[in-house]
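Structure assessment
Now for the letters of each chain:
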Amino acid sequence: MIHALSIDDFDERTLRLLLSWGKEYFEAEDLAHNPDAELLAGRRVALWFDEPSTRTSLSFEAAVKNLGGGVVRIDEKCSSAVKGESWGDTAAVLAELGCSALVIRTSDADVPSALAEEDALSVINAGNGTVEHPTQAIGDLLCLELSGYLSTHLKLAIVGDSAHSRVANSHFRLLPKCGIDVTVCAPAAWLPGSLPSLSSREKERIQLTTSLEEALSGATVAMYLRVQKERHADNNISLYEEFIEKYQLRSEHLSRYPSLKMVMHPGPVNWGIEISPSLRNSPKCAILRQVRCGVAMRMALLRYLLGGEEE
Ligand code: ASP
């Protein structure tokens, strides 16, 4: 049984395979009319989201259906988990009910691995607390690949609330593995501490700074992250104001840093906080493209986990 709990579950060969499949799906005229439209015929994937989601939840649903599979949605509040059913039993029941995989988003970071321990069905982490969001990161990787930036010596700036971002945590594992140098930029309170869980190889490629100038100078890609107010113990208004004043991406930055070719954000964007609304329709803004890349890579991941080619 293969699970997708963390970026650490993907070695470089697997990432290359996923990218090549994701590219094929992305380039299909319509994601739903692809050569693997029957791959999951008769298979079912359970979707369990106990935190809000638009992109991830709907793109997993689209990905399963584009491959011919069916989706079962579990309402956490109505499931037997609230009666205390163990994660192992839950996974076994879902498998018995005909589910081949479970896509789970949960505020309790340990739940995806507890479900995977039973090894009854493939478990896919769709965001576990602030720990990781691996499928967002591999979707973003496809976006970089399609723009031709993966083959160049890429400097990428991650700007925003990375201390509270599971997307950032997955990228800290993924981007160095792909040879990308990352500058993480934020007010000191939102920088990610000492990056304790990373290997020394990963850490070597990651710089932290509070200076936007330092992060954007020479960077090809700026990946902004949402200010995660729901994860802040107190709503520090002066910090939010400082972020808008000193870090918000505006048109003037695109002129001041001509190396900057692409602006990314995993969404949802707080327009006017992380990024000025005037950049919404800029040709450099790849935010909607990231959504399509996310569906294509989730299709590639489902093929890898359930397609029987890599057993
Ligand atoms: N959608 C991403 C997540 O679920 C990013 C965000 O919410 O800011 O982590």
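Refer to the structure printed above.
Everything in this summary refers to the structure shown in the same document.

Here is what the cut-offs are and how they apply
Here the residue numbering is sequential within each chain, running from 1 through the sequence in written order. Two thresholds apply to this predicted model, a pLDDT of at least 70 for residue-level local features and 80 or more for giving and counting side-chain atom pairs, whereas whole-chain, interface and lining totals are computed over all residues. To get the side-chain values, take all heavy atoms of the structure and skip hydrogens and water. Between buried and exposed lies partly exposed: a residue is buried under 20% and exposed over 50% of the maximum accessible area for its type, with that area taken using a 1.4 Å probe on protein chains only. In this description a helix means any DSSP run of H or I spanning at least four residues, a strand means any run of E spanning at least two, and both kinds are numbered starting from the N terminus. Should DSSP find at least two bridges between two strands, the strands are taken to pair. To count toward a patch, a residue needs a relative accessible area above 30% and no salt bridge. Like charges then connect within 9 Å, nonpolar side chains (Val, Leu, Ile, Met, Phe, Trp, Tyr) within 5 Å. We get accessible surface area from the Shrake-Rupley algorithm with a probe of 1.4 Å; when it comes to residues, only the shown protein chains can shield them. For salt bridges, the criterion is a side-chain nitrogen of Lys or Arg within 4 Å of an Asp or Glu carboxyl oxygen. Residues scored as charged are limited to Lys and Arg (positive) and Asp and Glu (negative), so that His and the chain ends carry no count. Think of each charge as sitting on NZ of Lys, CZ of Arg, CG of Asp or CD of Glu. In this text, buried Ala, Val, Leu, Ile, Met, Phe, Trp, Tyr and Cys residues form a nonpolar core when linked through side-chain atoms within 4.5 Å. Only heavy atoms matter for contacts: two residues are in contact if any of them lie within 4.5 Å across the pair. Throughout this document, a residue counts as near a molecule or strand when at least one of its heavy atoms sits within 4 Å of that molecule or strand. We define a polar contact as two N or O atoms separated by no more than 3.5 Å, with the added condition that, inside protein, one atom must be a possible hydrogen donor and the other a possible acceptor, whereas residues neighbouring each other in sequence contribute only through side-chain atom pairs. Each direction from the helix axis to a C-beta atom contributes to the arc, which is the arc of those directions.

Each regular strand displays side chains that alternate between the two surfaces of the sheet. Along strand 8 (residues 221-224), one buried face is formed by Val221 and Met223 and the opposite face, lined by Ala222 and Tyr224, is buried too. Two strands pair when backbone bridges link them, and strand 5 (residues 155-159) and strand 8 are joined in this way by four bridges, in the parallel orientation. Within strand 8, the residue paired with isoleucine 158 across the bridge is methionine 223. By the bridge criterion, three bridges tie strand 8 to strand 9 (residues 262-264) in an arrangement that is parallel. Counterpart to alanine 222 in the pairing with strand 9 is valine 263.

This next bit is on a negative patch on the surface. A surface patch of like charges, here negative, comprises Asp89, Glu117, Glu118 and Asp119. Assignment of secondary structure puts aspartate 89 in helix 3 (residues 87-96).

Counting 90 residues, the largest nonpolar core has Leu144, Leu156 and Leu302 as the members making the most contacts within it. Residue contributions to this core peak at 12 residues, all from helix 11 (residues 287-306). Other than its neighbours up to four places away in sequence, leucine 144 contacts Tyr149, Leu150, Leu154, Leu156, Leu175, Ile180, Val221, Met262 and Met264. Ile74, Ala81, Ile104 and Leu115 belong to the second-largest nonpolar core, a separate cluster that totals 15 residues.

Another point: the site of the ligand. Neighbouring residues of the ligand: Arg105, His133, Arg166, Val167, Arg226, Gln228, Gly267 and Pro268. Within the contact set of the ligand, an oxygen atom lies 3.2 Å away from a side-chain nitrogen or oxygen of arginine 105. Interatomic distance of 3.0 Å between a side-chain N/O atom of glutamine 228 and an oxygen atom of the ligand. For the ligand, whose unbound accessible area comes to 260 Å², protein coverage reaches 91%.

Before going further, it helps to spend a moment on helix 3. Buried residues of helix 3: Gly88, Thr90, Ala91 and Leu94, and no others. All buried residues of helix 3 fall inside an arc of 165° around its axis, so they share one side. Where helix 3 is buried, its residues meet strand 1 (44-49), strand 2 (70-74), strand 3 (99-106) and helix 4 (111-117).

A few words on the pattern of salt bridges. Note on pairing: side chains with opposite charge can pair once their charged atoms come close. For the structure shown, the criterion picks out 15 salt bridges. Across the pair glutamate 230 and arginine 226 runs a salt bridge whose closest N-O atoms are separated by 2.7 Å. Judged by its relative accessible area of 18%, arginine 226 falls in the buried class. Put simply, Asp8, Glu132 and Arg173 are held in one network by salt bridges that share partners.

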